[in-house]
Amino acid sequence: MNRAWKIYRGNYSKNFGECLSRAWWVEKEIQKSLLEEYYWEHPEARPESLGDRIRRENREKGIPAPSFHRDLRGKFSFL
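Numbering of residues starts from 1 in each chain and follows the order in which that chain's sequence is written. The model is predicted, so local features are restricted to residues of pLDDT at least 70 and side-chain atom pairs to those at 80 or more, both for listing and for counting; the totals for chains, interfaces and linings are taken over all residues. Note that the side-chain values use all heavy atoms of the structure and ignore hydrogens as well as water.

**Observations concerning the overall build of the protein**
Phase 1 of the analysis: Only DSSP runs of H or I with at least four residues qualify as helices, and only runs of E with at least two residues qualify as strands; both kinds are numbered from the N terminus onward. Of regular secondary structure, the protein possesses 3 helices and 2 strands.
Phase 2 of the analysis: The linear arrangement of helices and strands in the protein, starting from the amino end, is α-α-α-β-β.
Phase 3 of the analysis: What you see for the protein is a C-alpha radius of gyration of 24 Å, clearly larger than the 12 Å of a compact globule of 79 residues, by over 25%.
Phase 4 of the analysis: Across its three principal directions, the C-alpha atoms of the protein cover 65 × 35 × 20 Å.
Phase 5 of the analysis: Taken across its 79 residues, the protein has 9% of its residues classed as buried.
Phase 6 of the analysis: For the protein, the proportion of contacts with a sequence separation of at least 24, taken over those separated by at least 6, is 5%.
Phase 7 of the analysis: The average position of the 16 basic charges and that of the 12 acidic charges among the side chains of the protein differ by 8 Å. In this setup the radius of gyration rests on C-alpha atoms only. A globule is expected at 2.2 Å times the number of residues raised to 0.38. Three labels apply to residues, based on accessible area from a 1.4 Å probe with only protein chains included: buried if under 20% of the type maximum, exposed if over 50%, partly exposed otherwise in between. Residue contacts are counted whenever heavy atoms from the two residues lie within 4.5 Å of one another. The sign given to each residue is positive for Lys and Arg and negative for Asp and Glu; His and the chain ends receive no count. Taken as the charge centre is NZ of Lys, CZ of Arg, CG of Asp or CD of Glu, depending on the residue.

Listed below in structure tokens is the structure:
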């Protein structure tokens, strides 16, 4: 709210809702950059993505990784 109020008082817009939206966007970008900086310094702390989790579980179960091949017409087929 403080950032939105400062933007509003700085004549960014006459609509306080736009200032609030802009302030929220700025805060989200700041938090995203701080999180990315932390994960850059501590890659082991990065959460596992869904695709990585599925691949890990399939490896543990002994399921081979899928492979895609092209036929003579150039279409992909899943093996």
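Structure shown, so let's carry the discussion forward.
**Some thoughts on the environment of M1**
Phase 1 of the analysis: Along the chain, the position of M1 falls in the segment before α1 (2-9).
Phase 2 of the analysis: Look at M1 and you get exposed, because its relative accessible area is 70%.
Phase 3 of the analysis: In sequence terms M1 and A23 are 22 residues apart; their C-alpha atoms lie 7.7 Å from each other.
Phase 4 of the analysis: The residues touching M1, leaving out its near neighbours within four places in the chain, are F16 and L20.

**Some thoughts on helix α2 (residues 16-41)**
Phase 1 of the analysis: Here a helix's expected span is defined as the number of its residues, less one, multiplied by 1.5 Å. Helix length check: α2, at 26 residues, gives a terminal C-alpha distance of 38 Å against a target of 38 Å (1.5 Å per residue), a fit within 8%.
Phase 2 of the analysis: Here the buried face of α2 lies against α1.
Phase 3 of the analysis: In the analysis that follows, any N or O atom pair within 3.5 Å is treated as a polar contact, provided that within protein one partner can donate a hydrogen and the other can accept it, and provided that, for residues neighboring in sequence, both atoms belong to side chains. Two or three places before G17, at the start of α2, stands the capping residue N15, its side-chain oxygen 3.0 Å from that residue's backbone nitrogen.

**Focus: the pattern of salt bridges**
Phase 1 of the analysis: A carboxyl oxygen of Asp or Glu within 4 Å of a side-chain nitrogen of Lys or Arg is what we treat as a salt bridge. On inspection of all chains with the given rule, the structure shows 7 salt bridges.
Phase 2 of the analysis: The salt bridge partner of K32 is E29, with a shortest N-O separation of 3.3 Å. Of this pair, K32 and E29 are both found in helix α2, 3 residues apart, which corresponds to roughly one turn of the helix.
Phase 3 of the analysis: Its salt-bridge partner being R56, residue E60 comes within 3.3 Å of it at the nearest N-O pair. Of this pair, E60 and R56 both sit in helix α3 (residues 50-61), 4 residues apart, roughly one helical turn.
Phase 4 of the analysis: Residue E60 is classed as exposed on the basis of its relative accessible area of 59%.

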